[in-house]
Amino acid sequence: AQAQGYPWRPIKFVIPYAAGGATDILGRLLASGLSEKLGQPAVVENRPGAAGNIAADLVAKATDNHTIGVMINGNLTIARLLNPKTPYNPATDLAPVSLIGTAPLVLAAPAQAPGANAREFLEAARKAGNQWSYGTPGVGTVGHIGMELLKSRTGMDPVHVPYPGNPQVITAMIGGQIQLSLLPPGLAAVQVHAGKLKAIGVTSTGRSVLVPDLPSLAEAGVPGFQLEIWTAA
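Asks: Can you break down a nonpolar patch on the surface residue by residue, with the values?
Replies: Judged by side-chain polarity, Ile25, Leu26, Leu29 and Ile100 come together as a nonpolar surface patch covering roughly 320 Å² of accessible area. At three residues, the largest contribution of residues to the nonpolar patch is made by helix 1 (residues 22–38). Among the secondary structure elements, Leu26 is positioned in helix 1. Take Leu26: its relative accessible area is 31%, and that puts it in the partly exposed class.

This is how it looks when you write it as structure tokens:
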């Protein structure tokens, strides 16, 4: 009898963050394309929590050969470095399939944030000290590590507030509960164009083709600052 080809059942794509975020959007695009190409349904399952590590652990322990995680460098490199007790080992418990894409992040703030440019905003942030707060999708995420690096380079000291995902971060920022965040360019651009957020600067060393009109934070006087988020399956 002829052997049955792979895949022989629906494929499950596990997304470590809440629906509506950049990882979720990329994962759903990938699932749709692979479903059409492979001739099997693709089921997308959002499993936010613990900065995406709940989902990563679920994928690491899956035994059905049809579970794929769509993850960022926070889950695949940062998590184990920050916490050796992370319940999975990316190097041995996960098998890489493909890099999906890389991008810098955008430092964003509420539309009414002070400052006519990045330098003025960063100065206002320094003066605010710990009276300001910033949001991320969780402890140990790229946004969290990146903001702590930015704090060390600029002297500002906003307090960290973790959320289940970037959509919740954006809602809190629009509502005035937090004053800044590092967001994926696609999510930031939608809110900036709608007049709900202000883009301060991009985390690449120079300007990014994703947001060519936005200066880099390095241009704004943050020396040697570079940060990228990458997504892989």
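Asks: Kindly report on the packing of aromatic side chains, identifying the contributing residues and their values.
Replies: Aromatic ring pairs are described here by two measures, namely the spacing of the ring centres and the angle between the planes. Within the structure shown, the criterion is met by two aromatic pairs. Relative to Trp8, the ring of Tyr6 has its centre 5.6 Å away and its plane inclined at 85°; by these criteria the two rings are edge-to-face. The partly exposed category is assigned to Tyr6, whose relative accessible area is 47%. The class of Trp8 is partly exposed, set by a relative accessible area of 41%. Consider the rings of Phe121 and Trp132, whose centres lie 5.5 Å apart with planes at 40°: the pair is tilted. On the criterion of sequence distance, the pair formed by Phe121 in helix 5 (residues 118–128) and Trp132 in the loop between helix 5 and strand 7 (133–136) is long-range, its members being eleven residues apart. The residues Phe121 and Trp132 share a single accessibility class, namely buried.

Asks: Which residues make up the pattern of salt bridges, and what values do they have?
Replies: In total, this model carries seven salt bridges according to the counting rule given. A salt bridge links Asp157 to Lys151; the shortest N-O distance between them is 3.4 Å. In this structure Lys151 comes out as buried when scored by relative accessible area, which is 14%. One salt-bridge network, held together by shared partners, links Lys12, Glu45 and Arg47.

Asks: With reference to specific residues and values, describe the side chain of Ser133.
Replies: For Ser133, the location among the structural elements is in strand 7. You can call Ser133 buried: its relative accessible area is 11%. With near-sequence residues (within four places) excluded, Ser133 lies in contact with Pro158, Val159, Val161, Gln177, Ile178, Gln179 and Leu180.

Asks: Can you break down the sheet that holds strand 3 (residues 67–69) residue by residue, with the values?
Replies: Spatially, the three strands line up as an open sheet ordered 2-1-3, and their pairing is parallel. Sheet topology places strand 2 (42–46) and strand 3 at the edges, where each strand pairs with a single neighbour. Within the sheet, the average angular offset between the axes of one strand and its neighbour, ignoring direction, is 25°. Pairing geometry for strand 1 (residues 11–15) and strand 2, over five bridges, is parallel.

Asks: Pulling in residues and values, what's your account of the nonpolar core?
Replies: Counting residues in each nonpolar core, the largest one holds 28 residues, and the members touching the most others are Leu107, Phe121, Met147, Leu150 and Leu180. Those elements that place two or more of their residues in this core are strand 6 (106–110), helix 5 and helix 6 (142–154). Here this core gets six residues from one element, more than from any other, and that element is helix 5. Those residues in contact with Leu150 that sit more than four places away from it in its chain are Leu107, Met156, Leu217, Val222 and Phe225. Within the second largest apolar cluster, 15 residues are counted, among which are Val169, Leu183, Leu197 and Leu214.

Asks: Would you mind going over the environment of Ala113 in detail, with residue names and values included?
Replies: Within the secondary structure, Ala113 is located in the loop between strand 6 and helix 5. Residue classification places Ala113 among the buried residues on the basis of a relative accessible area of 11%. Considering only alpha carbons, one finds Ala113 and Ala128, 15 residues apart in sequence, at a separation of 12 Å. Look past the residues within four positions of Ala113 in its chain and what remains in contact with it is Phe121 and Lys198.

Asks: I'd love a proper account of unusual backbone geometry, names of residues and values included.
Replies: One non-glycine residue, Ala51, lies in the positive phi region at around 60°. Here Ala51 is to be found in the loop between strand 2 and helix 2 (53–60).

Procedures and definitions
- Residues numbered from 1 in each chain as written.
- Predicted model: local features only at pLDDT ≥ 70, side-chain atom pairs only at ≥ 80, totals over all residues.
- Heavy atoms only, no water.
- Patch = residues over 30% accessible without salt bridge, like charges linked within 9 Å, V, L, I, M, F, W, Y side chains within 5 Å.
- Areas by Shrake-Rupley, 256 points an atom, 1.4 Å probe, with all protein chains shown as cover.
- Salt bridge = Lys/Arg side-chain N within 4 Å of Asp/Glu carboxyl O.
- Helix = DSSP H or I, 4+ residues; strand = E, 2+ residues; numbered from the N terminus.
- Buried < 20%, exposed > 50% of the residue type's maximum accessible area, 1.4 Å probe, protein only.
- Phe/Tyr/Trp six-rings, centres within 6.5 Å; stacked < 30°, edge-to-face > 60°.
- Contact = heavy atoms within 4.5 Å.
- Pairing = 2+ DSSP bridges.
- Axes fitted to C-alpha atoms, helices over the stretch in contact; angles between N-to-C directions.
- Core = buried A, V, L, I, M, F, W, Y, C linked by side-chain atoms within 4.5 Å.

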